[in-house]
Amino acid sequence: MTSKTRNCEVSVHFYAKAILRGYLNKWVHIAERRYEHGDYEGALMLYSYGSLLGLPKASFSAGYLWEKGLTGRFRCALDHKYQCALYYYMNGIDYFKSQEKIADLIYWKIPKTL
């Protein structure tokens, strides 16, 4: 395999990733519209889906909804809503300096008895 062939394969791989990422970001855009219109449950479902697909912004946004208690009928399967927020923030750790938010949640929000 020549370096030219290898470069072409690498380029095609990254183009495919970029196209897929753009498609997946549509989910985040739809979730943002739902949030703006007060449909927090719908937004949480879409953000959670985006988080599972590896979209950091979706993870951070889902964590925010859990932290603020904007989850509607959804309940955290863990002991405390802040633990669900922490789970999503950790998934999106590369976005919006989530490390600071994680430290804040651990120190101030999660009950010390856990």
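Residues numbered from 1 in each chain as written. Predicted model: local features only at pLDDT ≥ 70, side-chain atom pairs only at ≥ 80, totals over all residues. Heavy atoms only, no water.

K.L.:
How should the packing of helix H2 (residues 40-52) against helix H3 (residues 56-68) be read in this particular structure?
P.N.:
In a packed pair of helices, the relevant descriptors are the angle between the two axes and the axis-to-axis distance. Where H2 meets H3, the closest approach of the two axes is 8 Å, and the angle between their N-to-C directions is 140°. When the axes of H2 and H3 are compared, the pair comes out oblique. In the crossing of H2 with H3, the sense of the turn from one axis to the other is left-handed. For the pair H2 and H3, the contacting residues are Tyr40, Ala43, Leu44, Tyr47, Ser48, Gly50 and Ser51 in the first and Ala58, Ser59, Ser61, Ala62, Leu65 and Trp66 in the second. Within the contact of H2 with H3, the residues separate by chemical class into 8 nonpolar, 5 polar and no charged. (Axes fitted to C-alpha atoms, helices over the stretch in contact; angles between N-to-C directions. Helix = DSSP H or I, 4+ residues; strand = E, 2+ residues; numbered from the N terminus. Parallel < 35°, antiparallel > 145°, perpendicular 65-115°, else oblique. Left-handed = near helix turned anticlockwise from the far one by under 90°. Contact = heavy atoms within 4.5 Å. Nonpolar A, V, L, I, M, F, W, Y, C, P; charged D, E, K, R; others polar.)

K.L.:
Is there a simple way to think about the packing of aromatic side chains in this case?
P.N.:
The geometry of an aromatic ring pair is captured by two quantities: the separation of the ring centres and the angle between the planes. Tallying each qualifying case throughout the model produces 3 aromatic pairs. Ring centres 5.3 Å apart and planes at 55° place the aromatic pair Tyr35 and Tyr40 in the tilted group. Residue class for Tyr35 comes out partly exposed when judged on its relative accessible area of 29%. Taking the centre distance of 5.1 Å and the plane angle of 80° together, the rings of Tyr87 and Tyr88 count as edge-to-face. (Phe/Tyr/Trp six-rings, centres within 6.5 Å; stacked < 30°, edge-to-face > 60°. Buried < 20%, exposed > 50% of the residue type's maximum accessible area, 1.4 Å probe, protein only.)

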